[in-house]
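# Coordinate inspection notes
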Amino acid sequence: MASLVASLFGGVGNDTGKVIQNGVSAMTEMARTLQPLTRYDLFQIRFPFLEFSLQNGTIIRFVSGKGVIERAHSGSGWEIV
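Residues numbered from 1 in each chain as written. Predicted model: local features only at pLDDT ≥ 70, side-chain atom pairs only at ≥ 80, totals over all residues. Heavy atoms only, no water.

As a further point, take the overall build of the protein. Counting secondary structure elements, the protein contains two helices and five strands. Buried residues in the protein amount to 23% of all 81 residues. For the protein, the proportion of contacts with a sequence separation of at least 24, taken over those separated by at least 6, is 48%. Accessible area of the protein: about 5700 Å², with a carbon and sulfur share of 54%. (Helix = DSSP H or I, 4+ residues; strand = E, 2+ residues; numbered from the N terminus. Buried < 20%, exposed > 50% of the residue type's maximum accessible area, 1.4 Å probe, protein only. Contact = heavy atoms within 4.5 Å. Areas by Shrake-Rupley, 256 points an atom, 1.4 Å probe, with all protein chains shown as cover.)

Written as C-alpha cells, this is what we have:
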C-alpha cells in the first residue's frame, strides 16, 4: 500500500503511507468489532479521511483513522449507538 501511495503522490512520502495504513487497520478493527453484532443489518459509521485533489479535478479520499459508529439498523429501525 505504501508503495502505491508513493507512486501516486511522489513527494508526499512515508507519512501519507502511515496515515493510510492507520486507516486500513482502523477499518479492519471496526469490522471485527461489528461481526458479532448479528442483531443489526446496517451500520452508519463516520471515519476521518485524508483528501487529495488532483490537477484533473479528481478527488481521492483515504480513510485515515478510527471510525465512530453513529447508529445501527435492525428489524425495528435505526438506533443511536
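Next comes the rest of the description.
On to helix H2 (residues 14-34), then. The end-to-end C-alpha separation of H2 is 30 Å, in line with the 30 Å expected for 21 residues at 1.5 Å each. All of the buried residues in H2 are Thr16, Gly17, Ile20, Gly23, Ala26, Met30 and Leu34. (Expected span 1.5 Å × (residues − 1).)

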